[in-house]
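Breakdown of the fold
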Amino acid sequence: MGRSDFAYREFSLLDGLHHGHVNGKFFANEVEKSKMRHANDYISEDIDTLLEGQGSHTSLGKEISVNKSKFQNLGFASDIKNNLSHARADSQLKGSKHSRAKSRKRHVPCEVGFAESVDNLVEPGNYLNFTKFSLEYITKEETSNKNVVIEPRFGGHQTLEQREKSFYARNQTIYCGFVQAPEGYRGTGFDLSEKDGEYMASCIVVVSSCIFGNSDFLRRPTSSKIGTYSKKNVCFMMFLDELTLKKLSSEGHVPDDMGNIGLWRIIVVKNLPYADMRKTGKVPKFLSHRLFPSARYSIWIDSKMRLHADPMLILEYFLWRTRSEYAISNHYDRHCVWEEVLQNKRLNKYNHTVIDEQFMFYQSDGLLKFNESEHSSVLPSFVPEGSFIVRAHTPMSNLFSCLWFNEVNRFTSRDQLSFAYTFLKLKRMNPGRPFYLNMFKADAKGAVSEHYRAPLKGEASQLQDSHPTCYTQRRRKGGVRSEPYMAVSADLKFVLLEILPTPALMAQGRELRIQNHLEMVHDCIWALNAVIIGALMRALKEPAVEEWVNDVGIAVADVEDLLRSILGRQPRGAAASNLLPCSFPNVDGVASRHAILLELEEKARRLNYVVRRGGGLRCAFERR
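An unreviewed UniProt entry lists the protein under the name TOD1/MUCI70 glycosyltransferase-like domain-containing protein, from Musa troglodytarum.

**Section: the nonpolar core**
Residues Phe-190, Phe-239, Phe-292, Phe-419 and Leu-437 are the most contacted members of the largest nonpolar core, which totals 59 residues. Broken down by element, this core gets its largest block of residues, eight residues, from helix H17 (residues 395-410). Once residues within four sequence positions are removed from consideration, Phe-239 is found in contact with Phe-190, Met-200, Ser-208, Ser-209, Cys-210, Ile-211, Phe-212, Ile-267, Val-269, Pro-284, Leu-291 and Phe-292. Counting residues in hydrophobic clusters, the runner-up holds 43 residues, among them Val-488, Leu-512, Leu-528 and Val-545.

**Observations regarding the state of the cysteines**
Structurally, a disulfide amounts to a covalent bond that connects the sulfur atoms of two cysteines. If you walk through the whole model with that rule in mind, you get two disulfides. Across a sulfur-sulfur distance of 2.1 Å, Cys-176 and Cys-402 are joined as a disulfide pair. Since a negative S-S torsion denotes a left-handed disulfide, the Cys-176-Cys-402 link at about -85° is left-handed. Taken together, the positions of Cys-176 in the loop between strand S2 (172-174) and helix H8 (194-201) and Cys-402 in helix H17 put the pair 226 residues apart, joining distant regions of the chain. Note on cysteine connectivity: Cys-203 is disulfide-linked to Cys-235, with sulfurs 2.1 Å apart. When the S-S torsion is -100°, as for the bridge of Cys-203 with Cys-235, the disulfide is left-handed. Of the two residues, Cys-203 is situated in the loop between H8 and strand S3 (205-211) and Cys-235 in strand S4 (residues 234-241); the sequence distance between them amounts to 32 residues. The same class applies to Cys-203 and to Cys-235, which are both buried. The disulfide pattern of the protein is 1-4, 2-3 when the bonded cysteines are numbered in sequence order.

**Overview of the sheet that holds strand S10 (residues 384-392)**
Two modes of strand pairing occur in sheets, parallel and antiparallel, and in both the strands are linked by backbone hydrogen bonds. Strand order in the open sheet formed by eight strands is S5-S6-S4-S3-S7-S10-S9-S11, with mixed pairing between adjacent strands. Two strands close off the open sheet at either side, each with one partner strand: strand S5 (260-261) and strand S11 (437-440). The strands touched by helix H10 (residues 242-250) within the sheet are S3, S4 and strand S6 (264-269), with S4 carrying the most contacts at an inclination of about 100°. Sheet strands in contact with helix H13 (residues 311-320) are S3, S4, strand S7 (297-301), strand S9 (326-330), S10 and S11, and its direction is about 95° off that of S10.

**Things to note about the pattern of salt bridges**
Inspection of the entire model under this criterion finds 24 salt bridges. Of the charged contacts, one joins Lys-165 and Glu-161 as a salt bridge, the two residues approaching to 3.4 Å between their closest N and O atoms. Placement of the pair is Lys-165 and Glu-161 together in helix H7 (residues 160-165), with a separation of four residues, close to one helical turn. Of the residues examined, Glu-161 reaches a relative accessible area of 54% and is grouped as exposed. A salt bridge links Arg-306 to Asp-561; the shortest N-O distance between them is 2.6 Å. One end of the pair, Arg-306, is in strand S8 (residues 305-307); the other, Asp-561, is in helix H22 (residues 543-567), with 255 residues separating them in the sequence. Taken individually, Arg-306 and Asp-561 each receive the classification buried, so the pair is uniform in this respect. Within this structure, Arg-220, Arg-306, Asp-558, Asp-561 and Glu-602 form a network of salt bridges that share partners.

**Focus: the packing of helix H11 (residues 277-286) against H17**
The geometry of H11 relative to H17 is characterised by a closest axis approach of 10 Å and an angle of 175° between their N-to-C directions. The pairing of H11 with H17 is recorded here as roughly antiparallel in orientation. Here H11 contributes Lys-279, Lys-282, Val-283 and Phe-286 to the contact with H17, which in turn contributes Ser-401, Trp-404, Phe-405, Val-408 and Asn-409. For the contact of H11 with H17, a count of residues per class yields five nonpolar, two polar and two charged.

**Some thoughts on unusual backbone geometry**
With a phi angle near 60°, Phe-178 is a residue other than glycine that sits in the positive phi range. Counting through the fold element by element, Phe-178 comes out in the loop between S2 and H8. With a phi close to 55°, Arg-323 is a non-glycine residue in the positive phi region. Within the secondary structure layout, Arg-323 lies in the loop between H13 and S9. For Arg-323, a relative accessible area of 41% puts it in the partly exposed group.

**Details of the packing of H22 against helix H23 (residues 593-617)**
Remark: H22 packs on H23, axes separated minimally by 10 Å, with the N-to-C direction vectors making an angle of 160°. The orientation of H22 with respect to H23, classified from their angle, is roughly antiparallel. Crossing hand, H22 versus H23: left-handed. Residues Ala-544, Val-545, Glu-547, Trp-548, Asp-551, Val-552, Ala-555, Asp-558, Val-559, Leu-562 and Ile-566 of H22 pack against Ile-596, Glu-599, Leu-600, Lys-603, Arg-606, Leu-607, Tyr-609, Val-610, Arg-613, Gly-614 and Leu-617 of H23. A breakdown of the residues in the contact of H22 with H23 according to their chemical character gives 14 nonpolar, one polar and seven charged.

**Structural notes on the packing of aromatic side chains**
Any two aromatic rings considered together are summarised by their centre-to-centre distance and by the angle between their planes. Per the stated rule, a full pass over the model turns up 31 aromatic pairs. Pairing Phe-236 with Trp-264 gives two aromatic rings, centres 6.5 Å apart and planes at 75°, and the pair type is edge-to-face. Here Trp-264 lies in strand S6 and Phe-236 lies in strand S4, a separation of 28 residues in the sequence. Geometrically, the ring pair formed by Phe-318 and Phe-440 is tilted, given 4.6 Å between the ring centres and 45° between the ring planes. Placement of the pair is Phe-318 in helix H13 and Phe-440 in strand S11, with a sequence separation of 122 residues. Residue Phe-318 shares its accessibility class with Phe-440, and that shared class is buried. By the ring-pair criterion, three or more aromatic residues cluster together here, those being Phe-154, Phe-178, Phe-190, Phe-212, Phe-239, Tyr-274, Phe-292 and Phe-405. For Arg-265, the ring lying beneath its charged end belongs to Tyr-199, and the centroid distance is 4.1 Å.

Conventions adopted
- Per chain, residue numbering runs from 1 following the sequence as it is written.
- Local features in this predicted model are restricted to residues of pLDDT 70 or higher, and side-chain atom pairs are both shown and tallied only at a pLDDT of 80 or more, whereas totals for entire chains, interfaces and linings draw on every residue.
- The side-chain figures draw on all heavy atoms in the structure; neither hydrogens nor water molecules are used.
- Definition of nonpolar core: a set of buried residues of the types Ala, Val, Leu, Ile, Met, Phe, Trp, Tyr and Cys, connected through side-chain atoms within 4.5 Å.
- Buried residues are those whose accessible area, probed at 1.4 Å on protein chains only, stays under 20% of the maximum for their type, while exposed residues exceed 50% and partly exposed ones sit between those limits.
- Secondary structure follows DSSP: runs of H or I at least 4 residues long count as helices, runs of E at least 2 residues long count as strands, and numbering of each begins at the N terminus.
- Whether two residues touch is decided by their heavy atoms; if any such pair falls within 4.5 Å, the residues are in contact.
- Note on disulfides: each one is a pair of cysteine sulfur atoms within 2.5 Å.
- A pair of strands is considered paired only if DSSP assigns at least 2 bridges between the two.
- For every element, the axis is a line fit to its C-alpha atoms; helices are fit only across the contacting stretch, and the angle between N-to-C directions ranges from 0 to 180 degrees.
- A carboxyl oxygen of Asp or Glu within 4 Å of a side-chain nitrogen of Lys or Arg is what we treat as a salt bridge.
- Our angle categories are set so that under 35 degrees counts as roughly parallel, over 145 as roughly antiparallel, 65 to 115 as roughly perpendicular, and the remainder as oblique.
- Under the grouping applied here, Gly and all other residues not named as nonpolar or charged are polar, the nonpolar ones being Ala, Val, Leu, Ile, Met, Phe, Trp, Tyr, Cys and Pro and the charged ones Asp, Glu, Lys and Arg.
- By convention the crossing between two helices is left-handed if the near helix lies anticlockwise of the far one by an angle smaller than a right angle, and right-handed if it lies clockwise.
- Side-chain rings of Phe, Tyr and Trp (the six-membered ring for Trp) are treated as a pair once their centres are within 6.5 Å; stacked means planes under 30 degrees apart, edge-to-face means over 60, and tilted covers the remaining angles.
- Whether a charge sits over a ring depends on NZ of Lys or CZ of Arg being within 6 Å of the ring centre and within 35 degrees of the ring normal.

Below is the structure:
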């Protein structure tokens with residue numbers, strides 16, 4: 001039996017087990033084979049070298065020979081030999097390509113000196129003493145000529161003259177989205193329920209993200225990293241459209257009675273304002289001061305990121321400590337808008353004619369090439385990596401956000417193209433009225449969030465250059481992985497070997513009578529672990545498998561968070577003697593055995609769904 005055949009059979013067995021159709025002894029034997037086959041994990045430790053086509057595979061051969069008799073007894077000796085030869089062949093093939101291709105830069109997360117606790121944080125007394133003026137917003141357009149038909153637009157119909165005047169930091173009324181249609185016309189979009197609007201109006205500190213058009217997976221903030229104060233006082237808002245919510249619900253992500261999925265408060269947006277989902281996503285990204293009128297601070301995090309730092313610590317580090325009102329990272333590799341334009345056209349990110357029109361307009365209005373010696377004192381880069389933004393809702397910050405949104409509304413949804421032009425023009429037209437922008441190194445985001453590659457759709461296999469490889473830190477002790485995928489394998493093994501087998505969890509299982517649910521989770525994790533290495537190899541070439549691997553990573557991370565909550569465990573680096581269970585009623589986010597069962601059932605359904613999808617994809621090494 002080949003690996004792919006065994007993997008498919010293993011998935012089918014697991015699916016059948018949950019429906020009571022499989023002989024327990026036979027299934028246990030199959031799972032034991034899976035455990036033995038991956039006991040050495042002979043590929044995972046050398047996978048980076050294998051993928052790069054470098055180095056010797058002597059160590060792999062040694063590991064296999066040590067356990068040769070065990071694998072022969074289980075009938076896997078031939079499979080191991082075949083797969084090792086395939087690995088060597090793949091290594092040679094990758095090596096030949098690697099020698100011709102341009103080597104990609106590696107990025108390592110830099111250290112971020114967060115405060116030790118939120119308990120002693122105090123907002124600086126003069127923090128909001130920035131440039132002061134009053135902004136109001138155009139909410140409705142009327143035409144004096146009734147014979148002229150106006151197509152209602154969410155961003156309105158701003159003239160070039162109005163656009164030019166809007167850059168002055170002074171008391172004024174400007175376009176900034178949410179322009180209502182005249183009477184008798186269809187609404188311009190981004191419609192929210194009255195209940196959601198009331199809740200959003202009460203928020204003071206906001207963390208927000210969005211998924212529109214079913215374009216990504218739901219990634220919950222790491223609950224164990226978020227303090228009690230932030231859980232009670234920070235609004236975690238996830239904007240979805242109805243299509244995305246339906247898809248998430250089918251995968252087990254169902255909002256509770258309060259409308260929450262984990263820490264995320266789900267906000268359903270109806271009547272999307274743009275056909276382009278990327279452009280629709282710019283509404284919550286740039287216009288948080290419009291969506292949350294009472295908020296003083298907001299943090300934006302793209303859906304491809306998973307927040308794993310306390311929001312209050314983020315505010316202190318990126319804003320208060322630097323006396324800034326807006327914080328955004330520079331791009332990893334590109335610093336000049338000329339380079340960004342070429343990259344967008346090379347990867348067909350947007351219509352080339354529209355990109356050229358925008359670029360020529362900016363050049364005619366004074367945009368120059370980035371020169372580090374001349375411009376570094378103004379901006380360290382003209383190209384941002386805008387997946388993570390921290391801002392205070394000051395007049396200047398709000399004005400900049402409106403201006404940047406108006407550029408995206410007028411031209412392309414590629415906001416990297418308009419960032420530098422908008423900032424430099426705002427600064428040029430307001431001498432003596434500073435805008436305190438903190439453009440930090442992109443590597444600092446590794447301490448704030450984990451990065452998952454977005455699902456691939458058509459062209460997305462070309463996006464590797466714009467998706468850095470440094471966000472996801474290795475989830476066991478030993479440093480940083482050089483590839484985001486590898487964290488999925490490490491996650492699986494950590495849950496299997498260091499959480500599920502612990503006496504503390506077993507004791508909690510007996511006390512709460514949740515052993516059956518834990519066993520279902522255990523079996524699913526084992527089945528995924530049996531095939532994940534093969535899937536990682538295939539994910540480099542097959543978009544469907546890459547999407548599945550991303551889904552596995554999210555599901556396993558959610559399971560780990562729940563198990564840690566049940567255990568009340570300390571961080572992974574703690575000594576084994578310190579990993580003691582706590583009194584369960586005191587665990588944050590879990591109030592009763594019933595709540596635990598519901599959470600476990602949701603996680604088991606999610607894992608089973610992922611397992612069945614993997615079975616359909618035959619996620620394992622295939623014979624060639």
